[in-house]
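# Descriptive analysis of the structure
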Amino acid sequence: MFRCLGIETSCDETSAAVVVDGRDILSNVVQSQIEIHTLFGGVVPEVACRAHIETIVPVIEKALGDAKVALADVDAIAVTCAPGLVGALLVGVSMAKALALAAGKPIIGVDHLHGHMYANKLAFPDLPYPCVSMVVSGGHTSLYLSRTEIDHERLGSTTDDAAGEAFDKVAKILDLGFPGGPIIDQLARGRDASRVRFKRTIPDGLDFSFSGIKTAVLYHVRGQDAKHPRALSPPERADIAASFQEAVVDILVEQALKACERTGIPTLAMGGGVACNTRLRDKMNVEANRRKITTYFPPPRFCTDNAAMIAGIAYPLWRAGLISDLTLDAVPTKIHRK
Ligand code: KG4
Ligand code: ZN
């Protein structure tokens, strides 16, 4: 039996979890910082780091307490070490190192994006490999050919904004609040998504681009005269939100299914916060079904940032001998394993 304590602090959620053999979740504590960042209309890195510092110890204590496992009884400590806000990652990595040193436990550095993909294994233990994986979050929008839980070859990714970032920025333009994704998802339900036809930029390959849509929404909202923007009625605002969401969903569906067709792999596993989006789930499922592709969407609590996916993926990493040491670094952009 492999009992792992996982720690996740890459962005604005402080999370700790205990997972057994990469499958059984004994606890998964997620402390969101949304309330603090709402005051600023977005994630402020320094504020995020300070909030992690304040909450990390109670969150870990609760995760161990909920799991009824003492630190002395865990077999390893897994921690997100890349990518993310570097100051935020440092809080988790430093904490994990301190615990590993004090309790004499091995430490396993985890790539956050691999964690998002592993969320599928937590929810669907029978997920077949190879599969095409898509991570759509606030910081990333990428497609992978996944050969195993820990072997992911990148097929394409965004060349500018991430999909979640576009949701958050458009919500700001429309004065809807933060984080924009869930607000737009809710507001768009039952609205006229054909009211504004935002141009879908779909590259020939498997990359993505969302900054054009974001700018198109800005110009549409401002009208011709930036100094005297038009007043939008609440229904008009909701229709614009729905039209924007429809454009983003169309791009994600098109590229994900193109990746399946080009690789000849009829299985698509979704991950990341934007995979919570109800319109994306509906449209992806319908279009995939039409092309005989099977889709996997983990439940929302596993799509957004959580430590269960980190403690979970530690098991196959452990079995493959991919264990780190106390020189483990926090890297904002890519995995760095020593
Ligand atoms: O995976 P995640 O929790 O953190 C990152 O790794 O970035 O994703 C957060 C992102 C935010 O941009 C948020 O607006 C978006 O996921 N999001 C959604 C929905 N729920 C969260 N976007 C669209 N629809 C949703 N229902
Ligand atoms: Zn994430």
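Within any chain, residue numbers begin from 1 and follow the written order of that chain's sequence. Labels are handed out in written order, letters beginning with A for the chains and numbers beginning with 1 for the ligands. Given that the model is predicted, a residue must reach a pLDDT of at least 70 before its local features are reported, and side-chain atom pairs must reach 80 or more before they are shown or counted; all residues, however, enter totals for whole chains, interfaces and linings. Based on all heavy atoms of the structure, the side-chain values leave hydrogens and waters out of the count.

## Section: the domain arrangement of the protein
For the record, the criterion: Boundaries between domains were set according to an automatic or database domain assignment. Throughout, a contact is declared for two residues whenever any of their heavy atoms are within 4.5 Å. When two components associate, each loses some accessible surface as probed by a 1.4 Å sphere; the sum of these losses over both components is called the buried area. Basic side-chain nitrogens of Lys or Arg form a salt bridge, by our definition, when they fall within 4 Å of a carboxyl oxygen of Asp or Glu. We define a polar contact as two N or O atoms separated by no more than 3.5 Å, with the added condition that, inside protein, one atom must be a possible hydrogen donor and the other a possible acceptor, whereas residues neighbouring each other in sequence contribute only through side-chain atom pairs. Each helix corresponds to a stretch of at least 4 residues labelled H or I by DSSP, and each strand to a stretch of at least 2 residues labelled E; elements are numbered beginning at the N terminus. Any residue that is not Ala, Val, Leu, Ile, Met, Phe, Trp, Tyr, Cys, Pro, Asp, Glu, Lys or Arg is counted as polar, Gly included; the first ten are nonpolar and the last four charged.
Each assigned domain of the protein is listed with its residue range as follows: domain 1 (3-116 + 302-319) and domain 2 (128-297). Taking only C-alpha atoms, the centre of domain 1 and the centre of domain 2 are 27 Å apart. Facing the 17 residues of domain 1 at the interface are 15 residues of domain 2. Summing both partners gives a buried area of about 1300 Å² for domain 1 against domain 2, and 73% of it is carried by carbon and sulfur. Seen at the junction of domain 1 and domain 2, the total is zero salt bridges. Counting the contacts that link domain 1 with domain 2 gives two residue pairs in polar contact (both at pLDDT 80 or more). When residues of the side of domain 1 that touches domain 2 are traced back to their parent elements, those giving at least two are α1 (34-38), α4 (112-123) and α11 (308-319). Per-class residue counts for the side of domain 1 that touches domain 2 are nine nonpolar, seven polar and one charged.

## Points about the coordination of the zinc ion (ligand 2)
Where we set the bar: For Na, K and Ca the donor cutoff is 3.2 Å, while for all other metals N, O and S atoms count as donors only within 2.8 Å; water does not appear among the atoms, so some sites may look incomplete. Classification of residues uses two cut-offs on accessible area relative to the type maximum, computed with a 1.4 Å probe and protein chains only: under 20% is buried, over 50% is exposed, and between them is partly exposed.
Bound to the zinc ion (ligand 2) are the protein donor atoms His112 (NE2), His116 (NE2) and Asp305 (OD), situated 2.0 to 2.1 Å from the metal. Sequence spacing among the residues donating to the zinc ion (ligand 2) works out to H-x3-H-x188-D. Note that His112 and His116 are positioned in helix α4 at a spacing of four residues, about one turn of the helix. We note that His112, like His116, is buried.

## Section: the pattern of salt bridges
For the structure shown, the criterion picks out 16 salt bridges. Notably, a salt bridge pairs Glu165 with Lys169, separated by 3.0 Å at the nearest N-O pair. Highlighted residues: Glu165 and Lys169, both in helix α5 (residues 163-173), separated by four residues, approximately one helical turn. Accessibility expressed as a relative area gives 31% for Lys169, which makes it partly exposed. Each of Arg200, Glu246, Asp250, Arg279 and Lys283 takes part in one network of salt bridges that share partners.

## Quick word on the site of ligand 1
To be explicit about the condition: It suffices for a single heavy atom of a residue to lie within 4 Å of a molecule or strand for the residue to be listed as near it. Cavities and pockets were defined on a 1 Å grid built over protein atoms only: a cavity is a set of grid points that admits a 1.4 Å probe from which the probe cannot escape, a pocket is an open set flanked by protein on both sides within 12 Å along at least five of seven lines, and lining residues are those with an atom within 4 Å of any such point. Whether a molecule sits in a cavity or pocket is decided by its atoms, more than half of which must lie within 2 Å of the grid points.
Neighbouring ligand 1 are 19 residues, the closest being Gly138, Asp168, Asp185, Gly273 and Asn277. Within the side chain of His112, a nitrogen or oxygen atom sits 3.2 Å from an oxygen atom of ligand 1. Within the backbone of Gly273, one N or O atom sits 3.0 Å away from an oxygen atom of ligand 1. Placement of ligand 1 is best described as lying within the largest pocket. Every element with two or more residues in the shell around ligand 1 is listed here: α4, α5 and α6 (180-188). Per element, the largest residue contribution to the shell around ligand 1 is three residues, and it comes from α6. Its residues placed into classes, the shell around ligand 1 shows five nonpolar, eleven polar and three charged.

## Digging into the pairing of strand β9 (residues 267-271)
Applied cut-off: Here the rule is simple: two strands pair whenever DSSP picks up at least two bridges between them. Seen with the strands pointing away from the viewer, any crossover whose path from the first strand over the helix to the second strand runs clockwise is right-handed.
In terms of burial, β9 is a largely internal element, five of the five residues being buried. Residue alternation in β9 divides its side chains into two sets, Thr267, Ala269 and Gly271 and Leu268 and Met270, and both sets are buried. Where strand β6 (residues 131-136) and β9 come together, four bridges link them in parallel fashion. When the bridges of β9 are listed, Met134 appears paired with Met270. Each parallel crossover has a hand, and the one from β9 via helix α9 (residues 278-290) to strand β10 (residues 294-296) is right-handed.

## A look at the layout of surface pockets
Note the threshold: Grid points are joined across faces, edges and corners, and a volume is the space filled by probe spheres set on the points.
One number sums up the size of the largest pocket: a volume of about 1000 Å³. Taken together, 35 residues form the lining of the largest pocket, with Cys11, Ser137, Gly138, Gly139 and Asp168 sitting closest to its centre. For the lining of the largest pocket, the secondary structure elements donating two or more residues are α4, α5 and α6. Sort the elements by how many residues they give to the lining of the largest pocket and α5 lands first, with six residues.

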